[in-house]
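Geometric and topological summary
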Amino acid sequence: MDNIDMKILKCLKGNARLTASSISEEINLSVSAVIERIHKLETSGLIKGYTIDIDQKKLGNNMVALMEVSLKHPDYYEGFVKLVQDNNSIASCYYQTGEFDFVLRIVTDTTEGLDNAYKDIKGYEGVEKTETHIVLRTIKEELALLPDRDLDK
C-alpha cells in the first residue's frame, strides 16, 4: 500500500459511494488505475466491505450505554458471545483485559429498551458482575481509521 492507495481510502472513507471517475479527478489518476487499485484493496481484505452510517437519533435510538461485564469463568465465553451476537441492541462488544472481561455499547430507544438489554445480559448464568455507564454525549465515533503518516517515507 502506498500514498495513492491511502488517498483512495480517504476518498472512500468520506463517501463510499464515490465513483472511480470522481476519485480519479480528486487524486489525479486514471479511472482504470483507480478501479484496479480499489479491486486490489478489496481482494487483499483491506477493504472489508461498504456500509452506511445511520443517524441513530433519527431512528429514535436516543439511549447509549457502555456496559462492562465480567464472567464467572472462561467456560461461559462462547455462550456469552452468542447472547451478544443475538441481541440487536448491542452495537459493539470488545473482549478485553482488566477487571472486566467485556465492554458492550448498547444503543436503544428508551431506558426501558436499555433495561431489557440489561436483563438479558444479567440473566445469563455466566455473568458475575456488570457496571453500566450512560453516555451523555458522543464526542467522536469513527467507523474507519486511517494512519496520519506519509507511507512513502
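The structure we're discussing is the one just above.
Residues numbered from 1 in each chain as written. Predicted model: local features only at pLDDT ≥ 70, side-chain atom pairs only at ≥ 80, totals over all residues. Heavy atoms only, no water.

**Quick word on the overall build of the protein chain**
Just so we agree on the cut-off: Helix numbering and strand numbering both begin at the N terminus, where a helix is a DSSP run of H or I of at least 4 residues and a strand a DSSP run of E of at least 2. The reference for a compact globule is 2.2 Å times residues^0.38; the radius of gyration itself is calculated from the C-alpha atoms. Here a residue-residue contact requires only that any non-hydrogen atoms of the pair lie within 4.5 Å. Note that accessible areas follow from Shrake-Rupley with a 1.4 Å probe, and for residues the cover is restricted to the protein chains shown. Neither His nor the chain ends is counted toward charge; the positive residues are Lys and Arg and the negative residues Asp and Glu. Each charge is placed at NZ for Lys, CZ for Arg, CG for Asp and CD for Glu.
Within the protein chain, the secondary structure is distributed over five helices and four strands. Taken from N to C terminus, the helices and strands of the protein chain fall in the order α-α-α-β-α-β-β-α-β. Whereas a compact globule of 153 residues would reach a radius of gyration of roughly 15 Å, the protein chain reaches 20 Å, over 25% beyond that. Taking contacts inside the protein chain between residues at least 6 apart in sequence as the whole, the part at least 24 apart equals 66%. Counting only carbon and sulfur atoms, one obtains 48% of the accessible surface of the protein chain, whose full area is about 10,900 Å². Averaged over its 19 positive side-chain charges, the protein chain has a centre that lies 4 Å from the centre of its 26 negative ones.

**Notes on helix α2 (residues 20-27)**
Let me state the cut-off plainly: Partly exposed describes any residue whose relative accessible area lies between the buried limit of under 20% and the exposed limit of over 50%, with all areas from a 1.4 Å probe on protein chains only and scaled to the type maximum. Within this analysis, the arc is defined by the directions that extend from the helix axis to the C-beta atoms.
Of the positions making up α2, those classed as buried are Ala20, Ile23, Ser24 and Ile27. Angularly, the buried residues of α2 cover 105° about the axis, an arc narrow enough to put them on a single face. Turned more than 90 degrees from where α2 packs its buried face, Glu25 and Glu26 sit exposed. Those residues of α2 that are buried lie in contact with α1 (3-14) and α3 (31-43). Phi turns positive, to about 60°, at asparagine 28, one or two residues after α2.

**Description of the layout of surface pockets**
Quick note on the threshold: Buriedness for pockets is judged along seven lines, at least five of which must meet protein on both sides within 12 Å for an open set on the 1 Å grid over protein atoms alone, while cavities are sets there where a 1.4 Å probe fits but cannot get out, and lining residues have an atom within 4 Å of a point. Grid points are joined across faces, edges and corners, and a volume is the space filled by probe spheres set on the points. Residues are grouped as follows: nonpolar covers Ala, Val, Leu, Ile, Met, Phe, Trp, Tyr, Cys and Pro; charged covers Asp, Glu, Lys and Arg; every other residue, Gly included, is treated as polar.
Its boundaries defined by the atoms lining it, the largest pocket holds a volume of some 1,000 Å³. Lining the largest pocket are 28 residues, with Gln56, Arg105, Val107, Thr138 and Glu141 positioned closest to its centre. Tallying contributions element by element places strand β3 (residues 102-108) first for the lining of the largest pocket, with four residues. Classifying every residue of the lining of the largest pocket gives 12 nonpolar, eight polar and eight charged. Reported here for the second largest pocket is a volume of approximately 700 Å³.

**Topic: the environment of isoleucine 134**
By secondary structure assignment, the location of isoleucine 134 is in strand β4 (residues 127-134). When the C-alpha atoms of isoleucine 134 and threonine 111 are compared, they prove to be 10.0 Å apart, with 23 residues separating the residues in sequence. Apart from residues no more than four positions distant in its own chain, isoleucine 134 is found in contact with Met63, Val64, Ala65 and Leu114.

**Some remarks on the sheet that holds β4**
Quick note on the threshold: At least two bridges found by DSSP between two strands is the condition for calling them paired. Between N-to-C directions, angles span 0 to 180 degrees; the directions come from axes that are lines fitted to C-alpha atoms, helices contributing only their stretch in contact.
In spatial order, the strands read β2-β3-β1-β4; together these four strands make up an open sheet with antiparallel pairing. Only two strands of the sheet have a single partner each, and these edge strands are β2 (90-95) and β4. With strand direction ignored, the average angle separating the axes of adjacent strands in the sheet is 20°. In terms of strand pairing, strand β1 (residues 63-71) meets β3 through seven bridges, oriented antiparallel. Counted as the bridge partner of methionine 67 is leucine 104 from β3. Along the sheet face, helix α4 (residues 77-86) touches β1, β2, β3 and β4 and points at about 20° away from the line of β3.

**Focus: the packing of aromatic side chains**
Stated precisely, the cut-off is as follows: In this analysis, rings of Phe, Tyr and Trp, with Trp reduced to its six-membered ring, are considered paired at centre separations within 6.5 Å, and the interplanar angle assigns stacked below 30 degrees, edge-to-face beyond 60, and tilted for intermediate values. Only lysine NZ and arginine CZ atoms are considered, and such an atom sits over a ring when it is within 6 Å of the ring centre and within 35 degrees of the ring normal.
Evaluation of the coordinates by the stated rule reveals six aromatic pairs. Summarising the aromatic geometry, the rings of tyrosine 95 and phenylalanine 102 are spaced 5.2 Å apart at their centres and angled 40° between planes, so their arrangement reads as tilted. The class of tyrosine 95 is exposed, set by a relative accessible area of 56%. Under the relative-accessibility criterion, phenylalanine 102 is labelled buried at 1%. Through a chain of ring-to-ring contacts, three or more aromatic side chains come together here, namely Tyr76, Tyr77, Phe80, Tyr95, Phe102 and Tyr124. Between lysine 129 and the ring centre of phenylalanine 100, over which it is positioned, the NZ or CZ distance is 5.2 Å.

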